[in-house]
Amino acid sequence: MKFQAYFKGVPAMVLAGLLGSALPVHAKAPIEVVASFSILADMVKSVGADQVNVVSLVPADGNSHEVELTPQDVKKMSSPDTKLLFVNGLGLDSWTDRLLASSGFKGKVIVASDGVKVRKLGEASVDDEHEHDDHGHEGHEHPEQENEQEHEHEHDHGEFDPHAWQDLANGQVYVRNIAQALTQADPENAALYAGNAQDYIKQMQALDEQVRKSMSEIPVERRKIVTTHEAFGYFADAYGLEVIAPLGISTSAEPSAKDISAIIRQIKEQQIPAVFLENVKSNKLQDQISKETGAKVGGILYSDALSKTGEADSYLGMMRSNVRVITEALK
Ligand SMILES: [Zn+2]
């Protein structure tokens, strides 16, 4: 009523013009979200573009299996503005449970790996002091959301391989989950997120083909590498590579002298051509292995984190860089 009274007598054309110029073109602020590690943060940014502000808890070149949370992290998570927390799941970032408890986070937790074909670990690579069979994991779609404690206990033993992003087919699953979550949190920008996700998935599909082509050019008997920790299982399964990793699935355990000599024996026996370093780990062990086996040091692979600068500062760039380094060393 007041509105009408105020504009009474103002010609309709003029009124429309006034209102039109007063309406901002796009007033909505970006939504605030958090991702557990840098690779996931980059995927979220690729889908959300300037409509999403994303903070990564583990920074580039950081160890995504562990975290040193800062008061700012907790503050960010406590803020009612923070709508989503993206985690990898599969035990990589179960440290977020602590953060969720201490921050009283009110938003939604999105498990980006939901729906990927999970790589289970063979008995040999699992530090298996406990019997897990009775838990009957197989076929669970949301292991993280059930009986947290019991599963966390199992994840610590690395029953699943969490490094699913190393297969570009899984990267596409992550992107679909991210787009869906952003759309639910911010339906106004649904079309933007759908379009970005579609473009991004197309790029992943094209890169996936390139990776297959590059890997197929390496002689089969030379498709064997040594990495620091077991982060390339999905890559190996998808693109045809054999990987030996002295540190196992997480980065916390140190190998014993016995483990190392077994690995050195295996590298010699199988004539593995190259040893690779990782951006997230100390590489002393790799130097030792290289010296004792004669396998050359093939360069740096990006496993669990992006680089701060350079080609590997994005998920696609990281995959490109890894494939180039591997093919150059093995060809
Ligand atoms: Zn890892």
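Everything that follows concerns the structure shown earlier in this document.
Attention in this report is confined to the structure presented alongside it. The model shown is predicted, which means the values in this text are computed figures rather than measured ones.

Regarding the pairing of strand β2 (residues 52-58)
- Here strand β1 (residues 31-37) runs beside β2; their pairing, made up of six bridges, is parallel. The residue bridging A35 from the neighbouring strand is S56, located in β2.
- Considered for its hand, the β-α-β crossover made up of β1, helix α3 (residues 38-48) and β2 is right-handed.

Things to note about the coordination of the zinc ion
- On the protein side, the zinc ion has H65 (NE2), H163 (NE2), H229 (NE2) and D304 (OD) as donor atoms, found 1.9 to 2.1 Å from it.
- Classification of the site at the zinc ion rests on its four donor atoms, whose angles at the metal span 94 to 122°, yielding the label tetrahedral.
- Each donor residue of the zinc ion belongs to the same chain, with the gaps between them written as H-x97-H-x65-H-x74-D. Here the residue H65 occupies a position in the loop between β2 and α4 (71-78), and D304 occupies one in the loop between β10 (296-301) and α12 (315-330), the gap between them amounting to 239 residues.

Focus on the environment of W165
- In this structure, W165 sits in the loop between β6 (160-161) and α7 (168-185).
- Distance from W165 to S303, taken between C-alpha atoms, is 9.3 Å for residues 138 residues apart in sequence.
- Setting aside residues up to four positions removed in sequence, W165 forms contacts with F37, I39, M43, N88, L92, Y174, S303, D304, Y315, M318 and M319.
- A distance of 2.9 Å separates the side chain of W165 from the backbone oxygen of S303, its partner in a polar contact.

Comments concerning the pattern of salt bridges
- Inspection of the entire model under this criterion finds twelve salt bridges.
- Between R119 and D161 there is a salt bridge; the shortest N-O distance is 2.6 Å. You can see R119 sitting in strand β5 (residues 119-120) and its partner D161 sitting in strand β6, a full 42 residues away along the chain.
- For K120, the salt bridge goes to E159, with nearest N and O atoms at 3.9 Å. Here E159 lies in the loop between α6 (148-156) and β6 and K120 lies in strand β5, a separation of 39 residues in the sequence.
- The exposure class of E159 is buried, given its relative accessible area of 12%.
- Salt bridges sharing partners connect three or more residues here, namely R119, D161, E230 and D237.

Some details on the packing of aromatic side chains
- In the structure shown here, the tally under the stated rule is three aromatic pairs.
- On the basis of an interplanar angle of 55° and a centroid distance of 4.9 Å, the ring pair of F37 and W165 is categorised as tilted. Taken together, the residues span a long stretch of sequence, with F37 in strand β1 and W165 in the loop between β6 and α7 at a distance of 128 residues. There is no split in this pair, since F37 and W165 are both buried.
- An aromatic cluster is present here, built from F232, F235 and Y239 joined pairwise through their rings.

Describing the sheet that holds strand β7 (residues 224-226)
- Spatially, the four strands line up as an open sheet ordered β8-β7-β9-β10, and their pairing is parallel. The sheet terminates laterally at β8 (242-244) and β10, the two strands that pair on one side only. Sheet twist, expressed as the mean angle between neighbouring strand axes with direction ignored, is 30°.
- Bridge analysis of β7 against β8 gives three bridges, and the strand direction is parallel.

Reading the values: the criteria
Residues numbered from 1 in each chain as written. Predicted model: local features only at pLDDT ≥ 70, side-chain atom pairs only at ≥ 80, totals over all residues. Heavy atoms only, no water. Pairing = 2+ DSSP bridges. Helix = DSSP H or I, 4+ residues; strand = E, 2+ residues; numbered from the N terminus. Right-handed = clockwise from strand over helix to strand, strands pointing away. Donors = N, O, S within 2.8 Å, 3.2 Å for Na, K, Ca; no water. Tetrahedral: all angles 85-135°; square planar, octahedral: opposite > 155°, others 65-115°. Contact = heavy atoms within 4.5 Å. Polar contact = N/O pair within 3.5 Å; in protein donor to acceptor, adjacent residues only side chain to side chain. Salt bridge = Lys/Arg side-chain N within 4 Å of Asp/Glu carboxyl O. Buried < 20%, exposed > 50% of the residue type's maximum accessible area, 1.4 Å probe, protein only. Phe/Tyr/Trp six-rings, centres within 6.5 Å; stacked < 30°, edge-to-face > 60°. Axes fitted to C-alpha atoms, helices over the stretch in contact; angles between N-to-C directions.

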